[in-house]
Amino acid sequence: MDVHRAFRMKGGVGDNSYSNNSSLQKGVADKVKHITTEAIRQVFVTKKPKSLGIADLGCASGPNALSTIKQVVEAVENASGTIQQPPPEFRIYLNDLHSNDFNTVFQGLPDLYEELSSKTKQQQPPLYIAACPGTFYGRLFPDHSLHFVYSSNSLHWLSMVPRGIYDEEGRSMNRKSVYISERSPPGVRRAYLGQFQEDFSLFLKSRSHELIPGGRMVLVMLGRTASDHAHCANSFLWELLYQSLAHLVAQGEVEEEKLESYDVHFYAPSKEELEGEVRKEGSFRTEMVEVFEMEGANVSRSYGTALAKAVRCIQASMLAHHFGEGILDKLFHHYAALIDQESAKRDVRSTIALLLLTKL
Ligand SMILES: C[S@@+](CC[C@H](N)C(=O)[O-])C[C@H]1O[C@@H](n2cnc3c(N)ncnc32)[C@H](O)[C@@H]1O
């Protein structure tokens, strides 16, 4: 299956949309905001470009993309006042897969312009924003056209389910899981790691052409602290999704064979795996690499319901493609209940990996 065609965040602004269920991702971006704004400030202060190229890779739909744009523009405008250098024009490229609902992002532009011009007292901030659809596992921009690349909550998505998890008949070797779990044969772990290495290295190589020397990247994604996948919180959420699907199999709502052939195109890398790929690819200097746990989110409804909605707006397209749309309500109802049960017993926190890189 071509995941780049099937995978999309739920568009629009409805109850199940990404736009309305992405506060957890916003929390992650806010947590590293000081790193993001300092990184762009340093690029501006050292390079003093008249035209500053910025890309947000995997922007999705909804308010998160524009909220980051606002932060970086304000950081540069503040820096320009401090060093008495006129602010640059901003070329801002919002990237996601072709099927992304870019319209919902663009509908927020009038508010962004208004907020920025009320602060800068200018009629029209020198902001030129464009969508750039396509996969970030490959070239997206002309040579040396970017000063700063940002990507949040996106790089844990692989370009495909690794081919190496299938046997010669094309059957998944990971039949009793949807991601790496304690039950996965060792070949499955190797195949996922290999796919991550191939994809991340291609990502770095592509960006290395597009960024100017001294340009910076802030990359934030789901990651893991344990060397073992099975004991990491992100894997645990996939395990609960597997259990929810298995519950539907037991109820006769889903065929067992369908569940056995479902695997996700996801990988949560460790700090060492990220550092290793940056070193091997060789175009960037690592300024910072950290893996940390997010605090439990503050949500008005049950944690299970909030988390299930967050996962649903991301995974619904892939699940509907494989199992049919009809299972989604029951599946996520059960999933929410399982998360509530488990979070009463243990902390279910996501683990985040942060990388700050400078182009050599
Ligand atoms: C969970 S959303 C994160 C969106 C936003 N950055 C945020 O923090 O709210 C992940 C986004 O990455 C996009 N994505 C996944 N793989 C991609 C790829 N290969 N190229 C471009 N975008 C991709 C998805 O379509 C999705 O919109």
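Refer to the preceding data block for the structure.
Residues numbered from 1 in each chain as written. Predicted model: local features only at pLDDT ≥ 70, side-chain atom pairs only at ≥ 80, totals over all residues.

A. Main features of the pairing of strand β2 (residues 89–96). Counted residue by residue, β2 has seven buried out of eight residues, so it is predominantly covered. Looking at chain direction, strand β1 (residues 51–57) and β2 are connected through seven bridges and run parallel. Bridge pairing in β2 links A55 to Y93. Assessed by its sense of winding, the connection that carries the chain from β1 through helix α4 (residues 64–82) to β2 is right-handed. (Buried ≥ 20, exposed ≤ 12 C-beta atoms within 10 Å, placed from the backbone. Helix = DSSP H or I, 4+ residues; strand = E, 2+ residues; numbered from the N terminus. Pairing = 2+ DSSP bridges. Right-handed = clockwise from strand over helix to strand, strands pointing away.)

B. Spatial organisation of the sheet that holds strand β4 (residues 146–152). An order of β3-β2-β1-β4-β5-β7-β6 is seen for the seven strands of this open sheet, with the pairing classed as mixed. Both edges of this open sheet fall to β3 (127–133) and β6 (284–293), since each of them pairs with a single strand only. Shown here is a sheet whose adjacent strand axes are inclined to one another by a mean of 15 degrees, direction ignored. Strands in contact with helix α3 (residues 33–47) are β1, β4, β5 (211–222) and β7 (351–359); relative to β5, the strand with the most contacts, it is inclined by about 175 degrees. (Axes fitted to C-alpha atoms, helices over the stretch in contact; angles between N-to-C directions. Contact = placed C-beta atoms within 7 Å.)

C. Geometry of the nonpolar core. In this structure, I40, F148, V149, V220 and Y335 are the most contacted members of the largest nonpolar core, which totals 90 residues. For V149, the contacting residues outside a window of four places in its chain are A55, L57, R207, L211 and M217. (Core = buried A, V, L, I, M, F, W, Y, C linked by C-beta atoms within 7 Å.)

D. Seen up close, the environment of S118. Within the element layout of this structure, S118 appears in helix α6 (residues 109–120). Here S118 falls in the exposed class, since 9 other C-beta atoms lie within 10 Å of it. Here the alpha-carbon distance between S118 and A29, two residues 89 residues apart in the chain, equals 24 Å.

E. Quick look at the site of the ligand. Near the ligand there are 23 residues, and of these Q25, G58, A60, N64 and S154 occur at the shortest range. Secondary structure elements with two or more residues in the shell around the ligand: α2 (23–31) and β2. Its residues assigned to classes, the shell around the ligand comprises ten nonpolar, eleven polar and two charged. (Near = placed C-beta within 6 Å. Nonpolar A, V, L, I, M, F, W, Y, C, P; charged D, E, K, R; others polar.)

F. Molecular detail of unusual backbone geometry. The phi angle at K48 is positive, at roughly 45 degrees, despite the residue not being glycine. You can see K48 is positioned in the loop between α3 and β1. In this model, N153 sits at a positive phi of 65 degrees, which is unusual for a non-glycine residue. Along the chain, N153 turns up in the loop between β4 and α7 (186–210).

G. Spotlight on the pairing of β5. Judged by how many residues are buried, β5 sits mostly within the fold: nine of twelve residues are covered. By the bridge criterion, six bridges tie β4 to β5 in an arrangement that is parallel. Pairing of V149 across the sheet is with M217, part of β5. For the crossover from β4 across α7 to β5, the handedness is right-handed.

H. Seen up close, the environment of P269. The residue P269 is located in the loop between α9 (256–260) and α10 (271–281) in this model. Taking the C-alpha atoms as reference, P269 lies 7.9 Å from F196; in sequence the two are 73 residues apart. In contact with P269, not counting residues within four places along its chain, are F196, G223, L274 and A353.

I. Examining the packing of α7 against α10 more closely. Two elements in contact, α7 and α10, have axes separated by 10 Å at closest approach and are oriented at 50 degrees. Judged by the inter-axis angle, α7 sits oblique to α10. Remark: the crossing between α7 and α10 carries right-handed chirality. Counting all contacts with α7, which are made through F196, Q197, F200, S201, L204 and K205, the residues of α10 involved are E273, E277, V278, K280 and E281. Across the contact of α7 with α10, the residue classes tally to four nonpolar, two polar and five charged. (Parallel < 35°, antiparallel > 145°, perpendicular 65-115°, else oblique. Left-handed = near helix turned anticlockwise from the far one by under 90°.)

J. Spotlight on the packing of α2 against α4. Between α2 and α4, the least distance of the axes is 10 Å, while the angle of their chain directions is 15 degrees. Classified by the interaxial angle, the pair formed by α2 and α4 is roughly parallel. As α2 runs across α4, the sense of the crossing is right-handed. In this structure, α2 uses Q25, K26 and A29 to contact α4, whose residues at the interface are N64, S67 and T68. Class assignment of the residues belonging to the contact of α2 with α4 gives a composition of one nonpolar, four polar and one charged.

K. Looking closely at the environment of S181. By secondary structure assignment, the location of S181 is in the loop between β4 and α7. Each C-alpha atom, one on S181 and one on E239, is 7.2 Å from the other, the two residues being 58 residues apart in sequence. For S181, the contacting residues outside a window of four places in its chain are A230, S235 and E239.

L. Spatial organisation of α10. Of all the positions in α10, only L274, E277 and V278 are classed as buried. Buried residues of α10 fall within an arc of 100 degrees about the axis and therefore sit on the same side. Relative to its buried face, α10 has exposed residues pointing more than 90 degrees away, namely E272, R279 and K280. Its buried side turned inward, α10 meets α7, β6 and β7. (Arc of directions from axis to C-beta.)

These results come straight from atomic positions and should not be treated as a statement about function.
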